Amino acid sequence: MTMQHEILSPVPLLDENGNLTEPGYAKKLLPVYRRSDIRASALRIKEWDYYLINNGRFALALTVADNGYMGMDSISLLDFTEGWEITTSPMSVMPMGKNRMPETSAKGTVDRRAKGLSMFFDTPGDGTRTLRCHMDKFGPEGALDCEILLTEEPEESMVICTPFPKNAHFYYNQKINCMRAAGTVTYGGRIWTFDPADSFACLDWGRGVWTYHNTWYWGSASYQVDGVPFGWNIGYGFGDCSAASENMLFYNGKAHKLSQVTFHIPGDEKDFLSPWTFDSDDGRFRMDFTPVMDRASCTDFGILKSDQHQVFGTFTGTAVLDDGTEIHVKDLPGFAEKVENKW
């Protein structure tokens, strides 16, 4: 097991040289991010908000990303029962901060507008979030619209400050799991309705300066066990994680820290639709994963590449809370992914 350094008090995220002041993890958004503190070209700064709403039958993913030299506004609609997904991700050139992504996840607005597109994420600071989107040319059946309300944001979340080997390269990330979701998605004359009784959302809030070539592994689940919100965030593969990993369980609003979790992907990590397994070096996380759908995409321009396999499915296994309580899950919906980027 590796050391897990916890950040316990508010601190500036970056020092005067643009390096992390305190690598490690926190259970609240304690380190203070200011874009003006970054000591790197605006071309290299990456800022994004990614929301996933899932009930195990269908899911919606929304992304607004300002990655310096390129921006991306992405919507995915996935229907696991019918076995299809549509992802449409229009790009923009050289946003370089023009999207004005908020410097905190706790309050603020992401308001992205382009021809035939609007993405609006509103966080008033009262524990709710409103997500609205419209895309004229989403798929073969035309436009998509959505309006989702997220409530019951948990008290604790996964926050991590990860350095890269190069100076002034870092990743600051918060994952908020197990928010209840209510709302609708309309596409092609059909309506998909998220009921907060069994629909949950996670937020991946990322800010940083990345190295050019990296591969990451990420898994996430947000659902409930016997009516109690339960889920996790697991992952590795980028940056220097010696101070802390991003592995964490969430039960009834509280976070429980795990050590290192390993993804076992069959077929030399290429057979994404065969069953996976996961285990942790502290023995507190053992899961079997049954894939249902691989949301795969590969963009390769040589110097720029993004090869993504976000695999949705169900988890069955055991997770152990900090006090030793065992949580047994069967067919819990979630996803796990492997992504290689040259960016």
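Below you will find a few notes about this structure. Here, residues in each chain are numbered from 1, in the same order as that chain's written sequence. Side-chain atom pairs in this predicted model are given and counted only at pLDDT of 80 or more, local residue features only at pLDDT of at least 70, and totals for whole chains, interfaces and linings cover all residues. Side-chain calculation: all heavy atoms of the structure are included, whereas hydrogens and water are not.

Runs of E in the DSSP output that reach at least two residues are strands. Runs of H or I that reach at least four are helices, and both are numbered from the N terminus. If you tally the helices and strands in the protein, you get one helix and 25 strands. Relative to its length of 343 residues, the protein is compact, with a C-alpha radius of gyration of 19 Å against a globular reference of 20 Å. Accessibility here uses a 1.4 Å probe with only protein chains present; expressed as a share of the type maximum, an area under 20% marks a residue as buried, one over 50% as exposed, and anything in between as partly exposed. When each of the 343 residues of the protein is scored for burial, the buried share is 55%. Restricting the contact set of the protein to residue pairs at least 6 apart, pairs at least 24 apart contribute 56%. Exposure was quantified through the Shrake-Rupley algorithm and a 1.4 Å probe, taking into account, for residues, occlusion by the shown protein chains and nothing else. When the accessible surface of the protein is split by element, carbon and sulfur atoms take 52% of a total near 13900 Å². Taken together, the 32 basic and 46 acidic charged side chains of the protein have centroids lying 6 Å from each other. Based on C-alpha atoms, the radius of gyration is set beside the globule rule, defined as 2.2 Å times the residue count to the power 0.38. Contacts are assigned to residue pairs with any non-hydrogen atoms lying within 4.5 Å of each other. Counting rule for charge: Lys and Arg are taken as positive, Asp and Glu as negative, and neither His nor the chain ends is counted. One atom stands in for each charge, and that atom is NZ of Lys, CZ of Arg, CG of Asp or CD of Glu.

Turning our eyes to something else, we now look at the sheet that holds strand β17 (residues 213–225). The strands making up a sheet associate through hydrogen bonds between their backbones, and the pairing can be parallel or antiparallel. Each pair of strands is called paired provided DSSP finds at least two bridges between the two strands. The strand order across the open sheet built from nine strands is β20-β19-β18-β17-β25-β24-β23-β22-β21, with neighbouring strands paired in antiparallel fashion. Lying at the two open borders of the sheet, with one neighbouring strand each, are β20 (254–257) and β21 (261–264). Averaged over neighbouring strand pairs, the angle between their axes works out to 20° when direction is ignored. As defined by bridge partners, β17 adjoins strand β18 (residues 228–236) across nine bridges and the pair is classed as antiparallel. Considered in β18, the bridge of Y223 is made with F230. Note on definitions: angles span 0 to 180 degrees between N-to-C directions of axes, and those axes are lines fitted to C-alpha atoms, for helices only across the stretch in contact.

Time to look at the state of the cysteines. Cysteine sulfur atoms are paired as a disulfide whenever they come within 2.5 Å of each other. Counted under the stated rule, the structure contains one disulfide. C133 shares a disulfide with C146; S-S distance 2.3 Å. With C133 in strand β11 (residues 129–139) and C146 in strand β12 (residues 142–151), the pair connects residues that are 13 residues apart, well separated along the chain. Taken as a pair, C133 and C146 share a single burial class, namely buried.

What follows deals with the pattern of salt bridges. Once the charged atoms of two side chains with opposite charge are near each other, the side chains can pair. Here, a salt bridge means any side-chain nitrogen of Lys or Arg that lies within 4 Å of a carboxyl oxygen of Asp or Glu. For the structure on display, the rule yields 17 salt bridges. Where R34 meets D37, a salt bridge forms, and the shortest distance between an N and an O atom there is 3.0 Å. Here R34 falls in the partly exposed class, since its relative accessible area comes to 35%. For E153, the salt bridge identified is with R129, shortest N-O distance 3.0 Å. Taken as a pair, E153 in the loop between β12 and β13 (158–163) and R129 in strand β11 lie far apart in primary sequence, 24 residues in all.

Let us look at the packing of aromatic side chains. Aromatic ring pairs are defined here through the distance separating the ring centres and the angle between the ring planes. Two rings from Phe, Tyr or Trp (for Trp, the six-membered ring) form a pair when their centres are within 6.5 Å of each other. A pair whose planes differ by under 30 degrees is stacked, one over 60 is edge-to-face, and the rest are tilted. Per the stated rule, a full pass over the model turns up 36 aromatic pairs. Relative to W276, the ring of F272 has its centre 6.3 Å away and its plane inclined at 50°; by these criteria the two rings are tilted. Note on accessibility: F272 and W276 belong to one class, buried. An aromatic cluster of three or more residues is present, and its members are Y217, F230, W232, Y236, Y251, F263, F272, W276, F278, F285, F289 and F315.

Attention now moves to the nonpolar core. Ranked by size, the top nonpolar core spans 47 residues in total, and within it I53, L60, L62, I75, L144, L150 and F170 carry the most contacts. With seven residues, strand β14 (residues 170–187) is the largest single contributor of residues to this core. Here, the term nonpolar core denotes a set of buried Ala, Val, Leu, Ile, Met, Phe, Trp, Tyr and Cys residues that are joined through side-chain atoms within 4.5 Å. Among the nonpolar cores identified, the runner-up in size contains 27 residues, and Y223, F230, L249 and F285 belong to it.

This paragraph deals with the pairing of strand β4 (residues 45–54). Among the 10 residues of β4, 10 are classified as buried, and the element is accordingly described as predominantly covered. The alternating pattern of β4 places I45, E47, D49, Y51 and I53 on one face and K46, W48, Y50, L52 and N54 on the opposite face, and all of these are buried. Sheet topology note: the β4/strand β16 (residues 200–209) ladder contains 10 bridges and is antiparallel. Residue pairing across strands places D49 opposite W205, the latter belonging to β16. As judged from the eight bridges shared by β4 and strand β5 (residues 58–66), these two strands associate in the antiparallel manner. Bridge pairing links W48 to A65 in β5. Connecting the antiparallel pair β4 and β5 is a turn made up of three residues, with G56 showing a positive phi of about 90°.

For the rest of this paragraph, the subject is the side chain of D198. Structurally, D198 is set in the loop between β15 (190–194) and β16. The buried category is assigned to D198, whose relative accessible area is 16%. Two N or O atoms form a polar contact when they lie within 3.5 Å of each other; inside protein one atom must be a possible hydrogen donor and the other a possible acceptor, and for residues adjacent in sequence the pair counts only when both atoms belong to side chains. There is a polar contact of 3.0 Å between the side chain of D198 and the side chain of R57. Filtering out sequence-adjacent residues up to four positions away, D198 remains in contact with N54, N55, R57, Y223 and Q224.

Another point: a nonpolar patch on the surface. Exposure above 30% relative accessible area and no salt bridge define the residues that can form patches, which grow by joining like charges within 9 Å and nonpolar side chains of Val, Leu, Ile, Met, Phe, Trp and Tyr within 5 Å. On the surface, L43, V93, M94 and M96 cluster together into a nonpolar patch covering about 350 Å² of accessible area. Mapped onto the secondary structure, M94 falls in the loop between β8 (91–93) and β9 (108–114). Relative accessible area serves as the criterion here: at 36%, M94 is assigned to the partly exposed category.

Grid spacing is 1 Å over the protein atoms alone, the probe is 1.4 Å, and a cavity is where that probe fits but cannot get out, while a pocket is an open set with protein on both sides within 12 Å along at least five of seven lines and lining residues have an atom within 4 Å of a point. Grid points are joined across faces, edges and corners, and a volume is the space filled by probe spheres set on the points. The calculated volume of the largest pocket comes to roughly 950 Å³. The wall of the largest pocket is formed by 38 residues, among which M72, S306, Q308, N341 and W343 lie closest to the centre. Elements with a minimum of two residues in the lining of the largest pocket: β4, β5, β6 (70–79), β14, β17, β23 (285–300), β24 (305–320) and β25 (326–342). Residues that form the lining of the largest pocket fall into these classes: 18 nonpolar, 13 polar and seven charged. Amino acids are sorted into nonpolar (Ala, Val, Leu, Ile, Met, Phe, Trp, Tyr, Cys and Pro), charged (Asp, Glu, Lys and Arg) and polar (every other residue, Gly among them).

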